[in-house]
Structure formats: C-alpha cells, structure tokens
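Summary of structural features
This is what each chain is made of:
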Amino acid sequence: MEETNKNVLGDCFTSAMSLTESGVPHVPTRYILPPSQRPVLSPSIGTGSINLPVIDLSFLHDPLLRPSVIHEIEMACKEFGFFQVTNHGISSSVMRDALDAATRFFDLPSHEKMLLVSDDVHTPVRYGTSINHATDSVHYWRDFIKHYSHPPSKWIDLWPSNPPCYKKKVGKYSEATHVLHKQLMEAISESLGLEKSYLQEEIEEGSQVMAVNCYPACPQPGIALGMPPHSDFSSLTILLQSSQGLQIKDKNNNWICVPYIEGALIVQLGDQVEVMSNGIYRSVVHRVTVNKDVNRLSFASLHSLPMNKKISPAPQLVNEDKPAAYGDFSFNDFLEYISRNDLTKQRFMDTVKKNKF
Ligand code: OGA
Ligand code: NI
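Residues numbered from 1 in each chain as written. Chains lettered and ligands numbered in written order. Predicted model: local features only at pLDDT ≥ 70, side-chain atom pairs only at ≥ 80, totals over all residues. Heavy atoms only, no water.

The immediate surroundings of ligand 1 are formed by Asn213, Tyr215, Met227, His230, Asp232, Leu239, Leu246, His286, Val288, Arg296, Ser298 and Ala300. Between ligand 1 and His230, the relevant distance is 3.1 Å, taken from an oxygen atom to a side-chain nitrogen or oxygen of the residue. Take Arg296: an N or O atom from its side chain is 2.9 Å from an oxygen atom of ligand 1. Against a free-state accessible area of 290 Å², the protein chains account for coverage of 97% of ligand 1. Here the shell around ligand 1 takes 3 residues from strand S14 (residues 296-304), the largest share from any one element. In terms of residue class, the shell around ligand 1 is built from 6 nonpolar, 4 polar and 2 charged. (Near = heavy atom within 4 Å. Polar contact = N/O pair within 3.5 Å; in protein donor to acceptor, adjacent residues only side chain to side chain. Areas by Shrake-Rupley, 256 points an atom, 1.4 Å probe, with all protein chains shown as cover. Helix = DSSP H or I, 4+ residues; strand = E, 2+ residues; numbered from the N terminus. Nonpolar A, V, L, I, M, F, W, Y, C, P; charged D, E, K, R; others polar.)

The next thing to look at is the UniProt feature "domain: Fe2OG dioxygenase" (unreviewed entry) in the protein chain. Feature annotation in UniProt places "domain: Fe2OG dioxygenase" (unreviewed entry) on residues 206-305, given in this structure's numbering. Helix makes up 6% of residues 206-305 and strand 43%, whereas the separation of the span's terminal C-alpha atoms amounts to 4 Å. (UniProt positions renumbered as here; feature names shortened; annotations may be inferred.)

The next thing to look at is the sheet that holds strand S12 (residues 265-269). In a beta sheet, neighbouring strands are held together by backbone hydrogen bonds and run either parallel or antiparallel to one another. If you trace the 8 strands from one edge of the open sheet to the other, you get S3-S4-S12-S9-S14-S7-S6-S5, paired in mixed fashion. The two strands at the open ends of the sheet, each matched to only one other strand, are strand S3 (54-56) and strand S5 (125-129). Strand-to-strand twist in this sheet, taken as the mean axis angle between neighbours without regard to direction, amounts to 25°. Where strand S9 (residues 236-241) meets S12, 4 bridges bridge the pair, whose relative direction is antiparallel. Bridge assignment links Ile238 to a residue of S12, and that residue is Val267. Running at roughly 160° to S3, helix H2 (residues 66-79) makes contact with S3, strand S4 (82-86) and S12 of the sheet. Contacting S4, strand S6 (143-148), strand S7 (207-215), S9, S12 and S14, helix H6 (residues 166-191) runs over the sheet at an angle of about 135° to S9. (Pairing = 2+ DSSP bridges. Axes fitted to C-alpha atoms, helices over the stretch in contact; angles between N-to-C directions. Contact = heavy atoms within 4.5 Å.)

Our next topic: empty space enclosed by the protein. Inspection of every chain in the model, using the stated rule, returns 1 cavity of 30 Å³ or more. Volume-wise, the largest cavity comes out at about 30 Å³. With 3 residues, the single largest contributor to the lining of the largest cavity is S5. Tallied by class, the residues present in the lining of the largest cavity amount to 2 nonpolar, 5 polar and 2 charged. (1 Å grid on protein atoms, 1.4 Å probe; cavity = no way out; pocket = protein on both sides within 12 Å on 5 of 7 lines; lining within 4 Å. Points joined across faces, edges and corners; volume = space filled by probe spheres on them.)

This part covers the packing of aromatic side chains. As enumerated under the stated definition, the model contains 14 aromatic pairs in all. With centroids separated by 6.3 Å and ring planes inclined at 85°, the aromatic side chains of Trp159 and Tyr166 adopt a geometry described as edge-to-face. Overall, the relative accessible area of 3% leaves Trp159 in the buried class. Looking at Tyr166, the relative accessible area reads 0%, which means it is buried. Of the aromatic side chains, those joined through ring pairs into one cluster are Tyr148, Trp155, Phe233, Phe329, Phe331, Phe334, Tyr337 and Phe348. Sitting over the face of the ring of Phe144, Lys146 holds its NZ or CZ atom 5.1 Å from the ring centroid. (Phe/Tyr/Trp six-rings, centres within 6.5 Å; stacked < 30°, edge-to-face > 60°. Buried < 20%, exposed > 50% of the residue type's maximum accessible area, 1.4 Å probe, protein only. Lys NZ or Arg CZ within 6 Å of the ring centre and 35° of its normal.)

Our next topic: the sheet that holds strand S8 (residues 227-230). If you walk across this open sheet you meet the 4 strands as S8-S13-S10-S11, and the pairing is antiparallel. Either end of the sheet is taken by a strand with one partner, and the two such strands are S8 and strand S11 (255-257). Between one strand and the next, the sheet's axes are offset by a mean angle of 20°, whatever the strand orientation. Of the strand pairs in this sheet, S8 and strand S13 (residues 286-288) are connected by 2 bridges, and their pairing is antiparallel. Considered in S13, the bridge of Met227 is made with Val288.

Below, the discussion takes up H2. Given a rise of 1.5 Å per residue, 14 residues ought to cover 20 Å, and the 20 Å separating the end C-alpha atoms of H2 matches this to within 8%. Every buried residue of H2 is listed here: Arg66, Val69, Ile70, Ile73, Glu74, Ala76 and Cys77. Here the buried face of H2 lies against S3, S4, H6 and S12. Trailing H2 by a residue or two, Gly81 shows a phi angle of about 65°, which is positive. (Expected span 1.5 Å × (residues − 1).)

Here we take up the environment of Asp232. On the secondary structure map, Asp232 appears in the loop between S8 and S9. Residues Asp232 and Asp271 lie 39 residues apart in sequence; the distance between their C-alpha atoms is 6.2 Å. Once residues within four sequence positions are removed from consideration, Asp232 is found in contact with Thr237, Gln268, Gly270, Asp271, His286 and Leu302. Here the side chain of Asp232 touches Thr237 through a polar contact of 2.7 Å, side chain to side chain. For Asp232, the side chain forms a polar contact with the side chain of His286, separated by 3.1 Å.

See the structure below:
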C-alpha cells in the first residue's frame, strides 16, 4: 500500500522511500520512462574500456609539482568536464559522519520529513521527491533535502533539527567542501591561463547549495531513473556517493558509469565554469541510475557565485577569433528558469548560449 501525505499545497506527495518501504513489486506508472530514455544497466555496453580520470590532489600544495596536477585537471576538464579526486583533504570520518546523518534523516517517519516539504525552488531548506513532484511529467526515484550552506552561520539554524546530529555532522562536511572548492577553482582558473585569484572574492562569498539525495532500492531499475540527464548550474559540484549509480555523458554521447572509489570525491564542472571559460570547458551532462538492492545516498555540493552575481566569459578568454559564445547569468536567473520550465525538455544552457542552433 502506498503511503501518502498532503503537502502544503494540498496535493498528493509520496516519497520514493515510502514506496520502497511498503515493498511495491512494480514502480507506479508515473515513474516509467519512455523506452528511448531508459538506462542500459549492463556495464559491458558502451562503458567497457573508458578510464575516467582520478587525480591525486596531494601535490597541489607543492610548488614544484603543482603544474603537473594543473595539467591533469586541464585534460580532464577538456575531455569530460569531470574527474574524481583523492587526497583532497576531507577526512573519511567527516564523509562517513555526513552519510550517517543523511541515512538517519531519510529513515525518519514521513511526518517528520514533511515538516520541511516545499516545491518552491526559492525555499532555502526543502525536502522533496523526484525533481519537482508537483510538476514533473515523469517522476524520478529520488528523495532529497536541499539546503543553502554558505555561510553556515546564516543558514544552519534552518537545517533539519532531527536527527540531532545532522547540523554538526553535515556542517563539518559542508565547510570542508567549501574549502576544497576554493582550491579547485584556483586550479581550474590556472588551467585556463587565468590568474589563480580570478573571481576570488566572489568565490569566497559565493553560494553553496547542498543537495542530499536518497535513491532507495527500486523494484524496476531498468525502466526508471533517480535523476534525468542534466548539467548543474554551479561552477563546480563536489559529489560524495555511498555507492555506484552516477553516469556521465561523454563527447560521443555515450553514457559512462562512474565507478565507486572508496574515499574519493567526484568533481563535476557546472554551467558557470562553461560560461566563464567561454566554452573551453563544458559542463558535464549526467544522470542517476537506481538499483534493486541498496539505498544509495549522495551529497551534491553545488558551489556558485553569489545568488545575484552574473557570471560571464572571462575577458581574457574573449577575442576577435573567439568572441563571447555565451551571455551572462546568475544563480537567481537559473532558479527563475526552473520555476517556469521543465529542464528535461530544454537545457538552461541553451538559453545562455549566443549562437543557438
Ligand atoms: C545532483 C546530482 C548525482 C548523484 O544532485 O544534481 O546530479 O549521484 N546528483 O546523486
Ligand atoms: Ni547534478
């Protein structure tokens, strides 16, 4: 039996978690994707021979060896807009604690989580399911809690107070990702031939949205997805996953499974870096598959310039031969766009590109 709740708007809300817990043998019809959008789950098809980049960040702090790390980052950004990092400075206990707090949150009874439910994309802390349960034409097998995270003092009081450990554990992880993201943005600016300090102040004062995702075990993983293909609006997204499930699209439009690497973090380029680099780097299109056996958790930390600060192509990367290929946009512009449009129908980036074709 499906557990249902009323949300603030009075329409029907059913979390993916409650469906899994009730033991449904099939996904409800609204989760069934058209055949052309279904994932191919066999790892041997289209994914066999590609090694995705894994970059050891320990040498980033060594002036002699830094250039070789920057070069690896440049190659990964050009080829995939994606890489995994090891020796990134965030301890495994901080990552484990964050995953533990998320597990406890999603295990709470529905009525507790529903205290934070909202389908308004402007709400700074909100619980939800799918992408937007109120408007999605196809639903996705995912529950989430999303919250603004930087600066912590401004937002932490609004975060879930249950489980009691949530603020402390997620707060520590969130602050650590903010530091890592600054280091990565310096490296990425350098890799583009810009000053290491390019946009330093805006990056320091930038916004951070933590999307904590829960993809419960799904009875029919071949016909549903946890998230549809999309790119993130952010400059960078730092992703912590509890098990495999993410896929990225390569230059040949093949989906590649991202392997789970113990202790590693995933770095994905978002739309803001695509614009800033004037298209030298591209944001990575990715989606999330689900599986029959385990609940998968992830923390997607989306870092961007401050809410109303527009990003535009770096003037140093624009010239007569390479005119600006993008207009500018802010995080707020993105929120306005998604509150009115279905991202699975048209990419936000298509509205930012100058030569639309
Ligand atoms: C996201 C996202 C990937 C994942 O939250 O934007 O792409 O593996 N998450 O959960
Ligand atoms: Ni994403």
